[in-house]
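A structural walkthrough
Below, each chain spelled out in residue letters.
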Amino acid sequence: MSATTSAPAGAATDRPSIAVENPATGEVIGHVPDMTAEVPSLVARARAAQSGWAARPIAARAELMHALRRWRDADRARIVASTIAETGKTYEDAIMNEVFAFADALAYWAKRGEGHLRDERVRPSGPLVLGRRFVVRRRPLGVVGVIAPWNYPVTLGLGDSIPALVAGNAVVLKPSEITPLTTDLVVRGFREAGLPEELLLVATGRGDTGAALVDHVDMVMFTGSTPTGRKVAARAAERLIPVSLELGGKDPMIVLADADLDRAANAAATWGLLNSGQICMSVERIYVEEPVHDAFVDELVAAVGRARSRGAHVPRPGDADVGSMTFPPQVDIVERHVADARERGARIHTGGRRGDGPGLWYEPTVLTGVDHDMLCMREETFGPTLPVMKVRDADEAVRLANDTTYGLASSVFTKDLAKGEAIARRIHAGSTAVNDALLQFLGRNAPFGGAKDSGVGARHGAEGIRKYTEPQTIMVSRLGLKRDIGWFPNSPRVSRLLERGLAAYYGR
Ligand code: NDP
């Protein structure tokens, strides 16, 4: 990809610009403007377009999402190339987890959005509302600000914009300053495919741009780190606007003595190293029952050894497994966590150092002899490290898995599926996989979100679209009386009768 200066469509010119680098090579591949000053006008434009969009039948909005999916399919190669260039991903990560995962989002919300938002008829709940009919309708919130991280700009930033649009909102999307190019490419393509221009606007910039967005929109969908999520929530609270927060994780994997160790080790290597471990729900720490600890570590080291780094060249299908790191400070964090573990006595079986530059690389790393005093077991690493800790039994594994402020995803490996599910229920996390990991994200009929410091709210399923609406309850009185029982003026006889009747009803 050659260096370009890309001004998101409709943006003013002559603003400070931000350079975007290819993290696998260190080359500058583009520039985007800092649009902080334009945020109020972007939101105003989106607001002006929103009411017409909300007035369209939801089936028409869904049909447009199918058209956008077809555009995305036709332009697959450009999206893959752009994603790889700005994130340093492998070919498979870009095509599966950005292009096809996003296609899945478009297909899901186009097909299921209407069902999740349909008016609900609600039965009167008791005698106090006898003779009334209730219907709950979902009204869009207006302009949704979507703030996205750099690890999956398409799947997360654009993916979270789709249900907001299907629900009848307009969206102003702020991609990370590290990875804004593919977002802009896709949004331009969507306009060619028929999306009305003002409905999905992109505000490129840094943290200040995100903060400005929170000050103007009607709802915020934020994905990013827990510290930034707190700031966003505090700012949104001042304005009393709803927020949905998808935040960091420190996801545990538990390997029980009866597990298929091959499968567990391959799962740990794949889901701990994919995107160089820069996934909110990466396997970040592993607890293994004592009798199989050493055998598991052998399998894991072998599996990690089979994972090939993509290097600085443009990856092709099947030629690599692990991409570069994407965000320069992230490499420093990984280095700090590994150095801390080493100083406190952990053993490094493989990796344990920065890869050779140019570009941002860290070698896939397996650590043993770790404990909960170490940074690598307590703080989000967001890198290609797999620390393994020996545990006495399942109870100790569950206790340690829950010994964290985070609660995003988690996994348990055992051949006894009932036991696996029972242990899953004891882990305090938004999701748990048994003999698997991470793929629950793509089960879109089920909510995906974080417990504890990993988030508030959920994406996917009914919650994943209803959060972009506010319920309006409409109560229709069917009695048609001039004056209902209990209306003014009160009378001793009616009051006594009412009291007696209700006491009998509630005292049953
Ligand atoms: P950050 O929290 O640093 O940034 C997220 C987004 O917020 C970026 O667009 C950033 O802009 C913007 N931002 C920064 N400061 C503010 C502010 N004060 N107000 C509003 N917006 C602001 O996260 P990262 O981009 O580093 O992403 C990595 C983190 O995201 C990890 O913790 C990871 O676990 C989490 N994550 C969670 C997911 C989930 O589903 N739970 C999924 C993916 C990632 P800019 O980048 O331009 O500074």
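Predicted, not measured: the structure shown is a model, and the values here were computed from it.

Definitions and limits used
Residues numbered from 1 in each chain as written. Predicted model: local features only at pLDDT ≥ 70, side-chain atom pairs only at ≥ 80, totals over all residues. Heavy atoms only, no water. Helix = DSSP H or I, 4+ residues; strand = E, 2+ residues; numbered from the N terminus. Rg over C-alpha atoms; globule rule 2.2 N^0.38 Å. Buried < 20%, exposed > 50% of the residue type's maximum accessible area, 1.4 Å probe, protein only. Contact = heavy atoms within 4.5 Å. 1 Å grid on protein atoms, 1.4 Å probe; cavity = no way out; pocket = protein on both sides within 12 Å on 5 of 7 lines; lining within 4 Å. Points joined across faces, edges and corners; volume = space filled by probe spheres on them. Domains from an automatic or database assignment. Nonpolar A, V, L, I, M, F, W, Y, C, P; charged D, E, K, R; others polar. Buried area = accessible area lost by both parts, 1.4 Å probe. Salt bridge = Lys/Arg side-chain N within 4 Å of Asp/Glu carboxyl O. Polar contact = N/O pair within 3.5 Å; in protein donor to acceptor, adjacent residues only side chain to side chain. Core = buried A, V, L, I, M, F, W, Y, C linked by side-chain atoms within 4.5 Å. Pairing = 2+ DSSP bridges. Axes fitted to C-alpha atoms, helices over the stretch in contact; angles between N-to-C directions. Near = heavy atom within 4 Å. Sits in = over half its atoms within 2 Å of the grid points.

1. With respect to the overall build of the protein chain
Looking only at helices and strands, the protein chain has 16 helices and 21 strands in total. For 508 residues, the compact-globule estimate of 2.2 N^0.38 gives 23 Å, and the C-alpha radius of gyration of the protein chain, at 26 Å, lies within 12% of that figure. Out of the 508 residues in the protein chain, the part that is buried amounts to 54%. A sequence separation of at least 24 residues applies to 73% of the contacts in the protein chain between residues at least 6 apart.

2. A word on the layout of surface pockets
Its volume calculated, the largest pocket comes out at about 1,000 Å³. Those elements that provide at least two residues to the lining of the largest pocket are α7 (207-214), β9 (219-223), α8 (226-239) and α11 (328-343). Broken down by element, the residue count for the lining of the largest pocket peaks at 7 residues, all from α8. Two domains each donate at least three residues to the lining of the largest pocket, and these are domain 1 (17-247 + 460-470) and domain 2 (251-445). Considered as a void within the structure, the second largest pocket measures approximately 370 Å³ in volume. Along the wall of the second largest pocket there are 20 residues; nearest its centre are Asn97, Trp271, Leu274, Phe441 and Leu442. Sorting the residues of the lining of the second largest pocket by element identifies α4 (91-117) and α5 (153-166) as the ones contributing at least two each. A total of 7 residues in the lining of the second largest pocket trace back to one element, the largest contributor, which is α4. The class makeup of the residues in the lining of the second largest pocket is 14 nonpolar, 3 polar and 3 charged. Residues from two domains meet in the lining of the second largest pocket; each of domain 1 (17-247 + 460-470) and domain 2 (251-445) gives at least three.

3. A short note on the domain arrangement of the protein chain
Domains assigned within the protein chain are domain 1 (17-247 + 460-470) and domain 2 (251-445). Taking the mean C-alpha position of each, domain 1 and domain 2 sit 29 Å from one another. Across the contact, 31 residues belong to domain 1 and 32 residues belong to domain 2. Counting the surface lost from both domain 1 and domain 2, the interface buries some 2,500 Å², and carbon and sulfur atoms represent 58% of this. Applying the counting criterion to the domain 1 and domain 2 interface returns 1 salt bridge. For the salt bridge of Asp104 with Arg444, the shortest nitrogen-to-oxygen distance reads 2.6 Å. Joining domain 1 to domain 2, the criterion identifies 15 residue pairs in polar contact (both at pLDDT 80 or more). Taken together, the elements giving at least two residues each to the side of domain 1 that touches domain 2 come down to α3 (76-87), α4 and α5. For the side of domain 1 that touches domain 2, the element with the most residues is α4, which contributes 10 residues. Here the residues of the side of domain 1 that touches domain 2 are counted per class, giving 12 nonpolar, 13 polar and 6 charged.

4. Observations regarding the nonpolar core
Ranked by internal contacts, the top residues of the largest apolar core, which has 67 residues, are Met65, Phe102, Val172, Phe190 and Leu200. Here this core gets 10 residues from one element, more than from any other, and that element is α4. The residues touching Phe102, leaving out its near neighbours within four places in the chain, are Arg72, Val154, Thr155, Leu158, Gly159, Ile162, Val186 and Phe190. Grouped together as the second largest cluster of nonpolar side chains are 37 residues, Ala264, Val288, Leu386 and Leu408 included.

5. Considerations on the sheet that holds strand β15 (residues 385-391)
Ordered by their spatial adjacency, 7 strands build an open sheet running β13-β14-β15-β12-β11-β16-β17, and the pairing between neighbours is mixed. Of all the strands in the sheet, just β13 (347-350) and β17 (433-434) have a single pairing partner and so form its edges. Of the strand pairs in this sheet, β13 and strand β14 (residues 365-368) are connected by 3 bridges, and their pairing is antiparallel. Among the inter-strand pairings, Ile348 is bridged to a residue of β14, identified as Leu367. Most of the contacts of helix α13 (residues 394-401) go to strand β12 (residues 283-289), to which it runs at about 160°, and overall it touches β11 (251-255), β12 and β15.

6. Observations regarding the site of the ligand
What surrounds the ligand is a group of 31 residues, the closest being Ala148, Ser225, Leu247, Glu380 and Arg459. Contact distances for the ligand include 3.0 Å between an oxygen atom and a side-chain N or O atom of Lys174. Within the contact set of the ligand, an oxygen atom lies 2.7 Å away from a side-chain nitrogen or oxygen of Ser225. Applying the majority rule of atoms within 2 Å of the grid points places the ligand in the largest pocket. Elements that contribute at least two residues to the shell around the ligand include exactly α7, β9 and α8. Ranked by the residues each element gives to the shell around the ligand, the list is headed by α7, at 3 residues. In terms of residue class, the shell around the ligand is built from 14 nonpolar, 11 polar and 6 charged. No fewer than three residues from each of domain 1 (17-247 + 460-470) and domain 2 (251-445) sit in the shell around the ligand.

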